[in-house]
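Structural features, examined
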Amino acid sequence: MATVSIIFRKDKLNKNGQAPIHFRIIKDRKINYISSSILLFPSEWDEKNKKVKKSHSNSARFNSYLANKFTELQDQVFEHETFSKSTTTKQLKSKIFGKKPLLFFPFAESVFERYKRQGQVGTHDRCKAIINKLKKYVKEAPICFQEMTPEFMVEYEKHLRGKEHNNSTNTIHTNFKFIRQLFNEAINNDVLDAQFYPFKKFKVKTEKTQRQYLTEDELTEIENVDCISGVKLDLHRDMFVFAAYTGGLRVSDVLKLKWKYIDKTHINLTIKKTGSQLSIKIPDKAFKIIEKYKPKKVEKDNYIFPMLPNGLKEDDLVLLDTEISGATAYINKNLKTIAEKAKIGKPLSFHISRHTWATRALRKGISIDKVSKLMGHAQIKETQIYAKIVSEELDKAMDIFND
């Protein structure tokens, strides 16, 4: 008959003075230990009751995990003792825990560091912030994938909504979306069993948001804002208007535009976010803005809009991301001032120029597949949100017949 017990391994003290908690299975005088991935100082363990002391900040979570796994092990032992006398301790271990318990944070760090190596610095920073928030929640305690049950996710969601973070539903969705991605990668890489996937029961919620964009009249008001020529406010207004006429280029792509990317009629560039090649015919209004910044002697490797320093090493992806982030923050700050001057009651940011171009293009009859192509979308479903906005506008217009 196999026996199961919870053991605090004082014989396995690490250099910090902590010891692991193991589940011990003994059968036919053979012993097998299963790590719980929990480390404690001896003063934090109640040996008599085989529990983490209440004084430990994670005692409730750790004790719940230990109790659940202990019960599962006992049930499996009973089942296999009844139906399969030949079951080994290793087979019991595999049945309960699948593969070796996989620590969550080291795996997460390997993923977002991969983003950094690939030049996705912004994605790296966002994912790192998500993981640091979770680390703070568990008080830097090591945690394995197997511990992150649907119940754990529910409690963490409550924490994110609480006073400390007061996160919105969509911000919480972004956090859990990356955590869910990590589970999928671990399972696909065959280092985690699918039975530990918590998102079958725990569903990540989202809320519909209304994309802000400018009407034709509002865009005209922005264009007509009185700015002193040569100051940054004037430059930032011009960059916004330029993007609103030229395919809704992202701010990173407008900042990186060089004279060598312009021929007599087109902009030819590689989109920073997707890496796709794009050729956009330049509308007259956008061309006039380009001409405004054209020097007498054109250096083809210089930037058209003087925000990034000429000669910037774009292959230094961390430096490039830092420069673009700083420039974007400056532009968005000035765009709020411009919106006030234009008496537009919308939270103006550079990305609104992208939404503005898309809705204007669809209203003017450009087909959705062409809009998708010009915006550099990887999938047409990314563009369909704009088609829905235009469709809703038409529905509202038809309501006049109900008056």
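Refer to the structure above for everything that follows.
Since the model is a prediction, treat every value here as computed from it, not as a measurement.

Let's shift gears to the pairing of strand β6 (residues 266–270). Across a regular strand the side chains alternate sides, sitting on one face of the sheet and then on the other. With burial as the criterion, only one face of β6 is covered, namely that bearing I267 and L269; the residues H266, N268 and T270 on the opposite face remain uncovered. As judged from the 5 bridges shared by β6 and strand β7 (residues 277–281), these two strands associate in the antiparallel manner. Each residue of the ladder has a partner; that of N268, found in β7, is S279.

What follows concerns the environment of E299. With respect to the helices, strands and loops of the structure, E299 is situated in the loop between α10 (284–292) and α11 (317–341). Counting along the chain gives 40 residues from E299 to W259, while the straight-line C-alpha distance between them is 7.1 Å.

Enumeration over the complete set of coordinates arrives at 18 aromatic pairs. A ring pair is formed by Y137 and F152, whose centres lie 6.0 Å apart and whose planes are at 70°; its orientation type is edge-to-face. Here the residue Y137 occupies a position in helix α4 (residues 121–137), and F152 occupies one in helix α5 (residues 150–161), the gap between them amounting to 15 residues. Between F145 and F183 the ring centres are 4.9 Å apart and the planes differ by 85°, which places this aromatic pair in the edge-to-face class. In this pair, F145 is assigned in the loop between α4 and α5 and F183 in helix α6 (residues 169–188), connecting sequence segments 38 residues apart. Each of the two residues, F145 as well as F183, counts as buried. Here the guanidinium or amino end of K135 rests over the ring plane of F105, the centre of that ring lying 5.6 Å away. A cation over an aromatic ring shows up here: R360 above the ring of Y245, its NZ or CZ 4.6 Å from the ring centre.

Conventions used here
Residues numbered from 1 in each chain as written. Predicted model: local features only at pLDDT ≥ 70, side-chain atom pairs only at ≥ 80, totals over all residues. Heavy atoms only, no water. Buried < 20%, exposed > 50% of the residue type's maximum accessible area, 1.4 Å probe, protein only. Helix = DSSP H or I, 4+ residues; strand = E, 2+ residues; numbered from the N terminus. Pairing = 2+ DSSP bridges. Phe/Tyr/Trp six-rings, centres within 6.5 Å; stacked < 30°, edge-to-face > 60°. Lys NZ or Arg CZ within 6 Å of the ring centre and 35° of its normal.

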